[in-house]
Amino acid sequence: MGKTIALFNQKGGVGKTTTCVNLCCALHDMGRRTLIVDCDPQGHSTSGMGINKANAAPNTYQMLLEGVPAEKAIHKTPYGDVIPCNKDLFGSGLLLGEKERREFVLRDALAPIKEKYDYIFVDCPALLELLTLNALCAADTILVPVQCEYLALEGLSELMGTIKMVRRTLNPGLELEGVVLTMFDGRTNLSLQVANAVKKHMKQAVFRTAIPRNVRLSEAPSHGMPVLCYDKNSRGAEAYRELAREFLARNAKGGS
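Quick caveat, the model's predicted, so the values are computed rather than measured.

A.B. asks: Before we move on, could you go through the nonpolar core and cite the residues and values that matter?
C.D. replies: One finds Val 37, Met 63, Ile 83, Leu 106, Leu 110 and Val 198 to be the most contacted residues of the largest nonpolar core, which totals 54 residues. With 7 residues, the single largest contributor to this core is helix H7 (residues 130–138). If sequence neighbours within four positions are ignored, Val 198 has contacts with Val 146, Leu 153, Leu 156, Val 179, Leu 181, Lys 203 and Val 206. The next biggest cluster of nonpolar side chains, apart from the first, holds 32 residues, and it includes Ile 5, Tyr 79, Phe 121 and Leu 217.

A.B. asks: Could you give me a rundown of the pairing of strand S2 (residues 34–38), with the residues and numbers involved?
C.D. replies: With respect to burial, S2 is a largely interior element, 5 of its 5 residues being buried. Alternating positions in S2 separate into two faces, Thr 34, Ile 36 and Asp 38 on one and Leu 35 and Val 37 on the other, with burial throughout. Pairing of S2 with strand S4 (residues 119–123) involves 5 bridges; the strand directions are parallel. Within S4, the position partnered with Asp 38 by the bridge is Asp 123. Strand direction decides the pairing type here: S2 and strand S3 (residues 81–83), joined by 3 bridges, are parallel. Of the residues in S3, the one forming a bridge with Val 37 is Ile 83.

About the criteria used
Residues numbered from 1 in each chain as written. Predicted model: local features only at pLDDT ≥ 70, side-chain atom pairs only at ≥ 80, totals over all residues. Heavy atoms only, no water. Core = buried A, V, L, I, M, F, W, Y, C linked by side-chain atoms within 4.5 Å. Buried < 20%, exposed > 50% of the residue type's maximum accessible area, 1.4 Å probe, protein only. Helix = DSSP H or I, 4+ residues; strand = E, 2+ residues; numbered from the N terminus. Contact = heavy atoms within 4.5 Å. Pairing = 2+ DSSP bridges.

Here's what the structure looks like:
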């Protein structure tokens with residue numbers, strides 16, 4: 001049975017989608033069976049994996065709201081499989097609210113395909129809405145990208161409160177996969193101070209691998225590919241390969 005990981009941070013612009021796309025690609029390159037379920041209506045994971053989100057169908061919207069089986073919504077790419085989405089997903093929370101077991105629509109939809117993958121990554125919207133709750137209820141763990149700036153510390157505290165709420169009321173098995181420091185610049189005191197503060201607060205939950213600021217990471221999405229394929233020798237690509245190795249080591253140690 002595969003493991004479902006939700007990538008979520010209530011603060012936008014923290015590298016959530018970049019981490020989703022590149023960690024998925026790195027694990028795929030290492031022989032793991034990976035799937036991204038794009039639940040962010042902006043569709044950046046979809047386009048970042050080389051899929052034209054404008055006409056991507058079947059997609060997440062059709063899977064959640066029109067009953068299309070997840071198996072039929074999977075799109076194959078050289079970087080891993082994707083269930084894509086686009087702007088049709090905006091406002092889907094209102095329609096999800098009309099369904100029975102409204103918080104568990106995504107979990108029920110993914111259940112038939114979960115055993116086909118080693119890791120399923122769900123890219124969540126930044127807002128805590130019904131679509132996000134669906135992702136957190138479908139997930140076994142949550143992976144939290146945190147940008148190395150002071151405002152991120154406030155967001156991290158709020159996010160941990162959200163995890164506790166979901167665990168208490170909807171998904172008691174939800175665990176923290178870990179915290180990934182992103183946009184890290186070891187030359188600045190700010191990055192070092194924020195990194196130390198996050199590690200002090202979250203302790204062993206923080207991955208040793210930090211993702212650096214890297215222009216190639218910013219350029220890769222415009223070319224419709226992960227940075228590991230856009231520039232495999234870049235600092236960003238190497239960081240995500242190292243993160244994937246650390247991720248696998250943690251999961252092996254935990255028996256997942």
